[in-house]
Amino acid sequence: MATQPQVPSAFASRIIGTGSHFPQKILTNGELAKTVDTTDEWIQERTGIHSRHISNSSNPAEWNSGLATEAARKALEMAGKKPEDIDAIFLATCTPDTLIPSTACWVQKNLGAKKAWALDLNAACSGFIFGLSFADQMIRTGFIRNALVIGSDVLSAFTNWNDRGSCILFGDGAGAVVVEQTSPHSPHRIYTSHLKSDGALWELFHIPAGGSRVEVTPEVFERKDHKMQMKGREIFKEAVRTMTEYAELALSANRLTTADISWVIAHQANARIIESVAKRLDLPLEKMLMNIERRGNNSAATIPTVLDENVRNQKIQPGQFILLDAFGAGLTTGSLLLRW
Ligand code: UT7
């Protein structure tokens, strides 16, 4: 259990713009069923997914950095900010364009955000909450006054498309927010964040090769050890347990109950995971915002894209408490409570 102190500070931060972007190609369950031994019915029943977006690697606009750049442009536009106004770019991803430079640096170049320092962070599917928490902490101390926080992933590049136990879940996309300094007395701000990692559970979801430890040789390539390997059933249980625990932590740290929460945006890994968390928290399912049916699991991008869609369709209204809640490879977990 996390013990992060929630320290009073001179400043606070709030989200003032959101954006999201997806590749053009939509891959339906029906199309997937032509290449692996599965069915549309099985996928929908066990995951809630109907289709997902898949990047075209020969189109730079659909590289990780291309999707992230477009999501960031939309968030900047909503915020009424120019790229040159931005102090820092935090880009959460586990599927960077290149190992070096960081995808955040590609995005900084694309945007022309000349003043911003930029870095990638990898907490897999929890990455957006980690990035938003870091930006919030730096804004609270006055180290920066604003930031772009992006969650962007192209999981299709690391998916074993012969493994029906995992390939049905993943898709590509990017979501971004602009966060800016505000008064700690403003009700419209980020309240708390709680983060956790448990590296002992690495084996539940990992990519064995492609880092500095194991080179991608022809043998490795043949074994597909450069692709994601997942123990789905075990992750499912761990995800429900830790997301429930971290949602409860966010509520108790703010002396709130589930009745105070208007919306929960949980990582979109599997609709059944989200339903199980809602049941354990005794939250009506209508409060769990989802886009998994049309988007699949796009890792660090799921939470900011759901946020953006529901800001734009005006489900999210000023004054509402919103709880973000995620788990991911590592294993990592995070929750963040904000008031819109
Ligand atoms: O961002 C985090 C990333 N990962 C996750 O969040 C994964 C979390 N886990 C899950 O979402 C689910 O565990 C899966 C969707 C991956 C699998 O669903 P499940 O209900 O846990 O299925 P299972 O692994 O227990 O398999 C049940 C059966 C097996 O057949 P038998 O042994 O009972 O005959 C599988 O072989 O379903 C079979 N199966 C499939 N059948 C049709 C597994 N995948 C498929 C498939 N189509 N795609």
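Each remark here, short or long, concerns the structure printed above.
Read on for a plain summary of the structure. Quantities reported herein were computed from a predicted structural model and do not represent experimental measurements.

### Re helix α5 (residues 127-141)
Taking 1.5 Å as the rise per residue, α5 with 15 residues should run 21 Å; its terminal C-alpha atoms sit 21 Å apart, in good agreement. Counting buried residues in α5 gives 11 out of 15 residues, a clear majority hidden from the surface. For α5, the set of buried residues is G127, F128, I129, F130, G131, L132, S133, A135, D136, I139 and R140. Within two residues after α5, G142 carries a phi angle of roughly 90 degrees, on the positive side.

### Some thoughts on a positive patch on the surface
A contiguous patch of positive charge, built from R46, R233, K237 and R272, is present on the exposed surface. Among the secondary structure elements, R46 is positioned in helix α2 (residues 40-47). Look at R46 and you get partly exposed, because its relative accessible area is 37%.

### With respect to the nonpolar core
Counting residues in each nonpolar core, the largest one holds 43 residues, and the members touching the most others are I261 and I273. Among the elements of the structure, α7 (232-253), β11 (261-266), α8 (271-281) and β12 (321-328) are those that each provide at least two residues to this core. Each residue touching I273, except ones within four places of it in the same chain, is listed here: F236, A239, V240, M243 and F327. Formed by 34 residues, the second largest nonpolar core is a distinct cluster that contains F90, W263, I265 and L324.

### Structural notes on the sheet that holds strand β1 (residues 12-21)
A sheet is described by the order of its strands in space; here 5 strands give the open sequence β1-β7-β6-β4-β5, paired in mixed fashion. This sheet does not close on itself; its edge strands, each paired only once, are β1 and β5 (117-121). In this sheet, neighbouring strand axes are inclined to one another by 20 degrees on average, regardless of whether the strands run parallel or antiparallel. In the packing of helix α3 (residues 64-79) onto the sheet, contacts are made with β1, β4 (88-92), β6 (146-154) and β7 (172-182), and the angle to β1 comes to roughly 125 degrees. Running over the sheet, helix α4 (residues 103-111) touches β4, β5 and β6 and is turned about 145 degrees from β5.

### What about the site of the ligand?
In the vicinity of the ligand there are 23 residues, among which T38, R46, R233, N270 and N297 approach most closely. With respect to the ligand, the side chain of R233 contributes an N or O atom lying 2.7 Å from an oxygen atom. N270 places a side-chain nitrogen or oxygen 2.8 Å from an oxygen atom of the ligand. Against a free-state accessible area of 940 Å², the protein chains account for coverage of 75% of the ligand. Broken down by class, the residue content of the shell around the ligand amounts to 11 nonpolar, 7 polar and 5 charged.

Conventions we followed
All residue numbers refer to position in the chain's written sequence, counted from 1. Thresholds applied to this predicted model are a pLDDT of at least 70 for local features of residues and 80 or more for the giving and counting of side-chain atom pairs; totals over whole chains, interfaces and linings are not thresholded and use all residues. Think of the side-chain values as coming from all heavy atoms in the structure, minus any hydrogens and water. For helices the rule is a DSSP run of H or I covering at least 4 residues; for strands it is a run of E covering at least 2, with both sets numbered from the N terminus onward. The span one expects for a helix is its residue count, reduced by one, times 1.5 Å. Burial classification: accessible surface area is computed with a 1.4 Å probe over protein chains only, and a residue below 20% of its type maximum counts as buried, one above 50% as exposed, and the rest as partly exposed. Patch members must show over 30% relative accessible area and no salt bridge, and they are joined within 9 Å when carrying like charges or within 5 Å when they are nonpolar side chains of Val, Leu, Ile, Met, Phe, Trp or Tyr. Accessible areas in this description were obtained via Shrake-Rupley with a 1.4 Å probe; residue shielding takes into account the shown protein chains only. Here, a salt bridge means any side-chain nitrogen of Lys or Arg that lies within 4 Å of a carboxyl oxygen of Asp or Glu. Here Asp and Glu are counted as negative and Lys and Arg as positive; His is not counted, and neither are the chain ends. In plain terms, the charge of a residue is placed at NZ if it is Lys, CZ if Arg, CG if Asp and CD if Glu. In plain words, nonpolar cores are sets of buried Ala, Val, Leu, Ile, Met, Phe, Trp, Tyr and Cys residues tied together by side-chain atoms within 4.5 Å. Any pair of residues with heavy atoms lying within 4.5 Å of one another is described as a contacting pair. Here, any two strands with at least 2 DSSP bridges between them count as paired. As a rule, the C-alpha atoms of each element are fitted with a line to give its axis, helices using only the stretch in contact, and angles between N-to-C directions run from 0 to 180 degrees. Working definition: residue near molecule or strand if any one of its non-hydrogen atoms lies within 4 Å of it. Within 3.5 Å is the distance limit for a polar contact, defined as a pair of N or O atoms, with the added protein rule that one can donate a hydrogen and the other accept it, and that residues adjacent in sequence qualify only through two side-chain atoms. In the scheme used here, Gly and all other residues not listed as nonpolar or charged are polar, with Ala, Val, Leu, Ile, Met, Phe, Trp, Tyr, Cys and Pro taken as nonpolar and Asp, Glu, Lys and Arg as charged.

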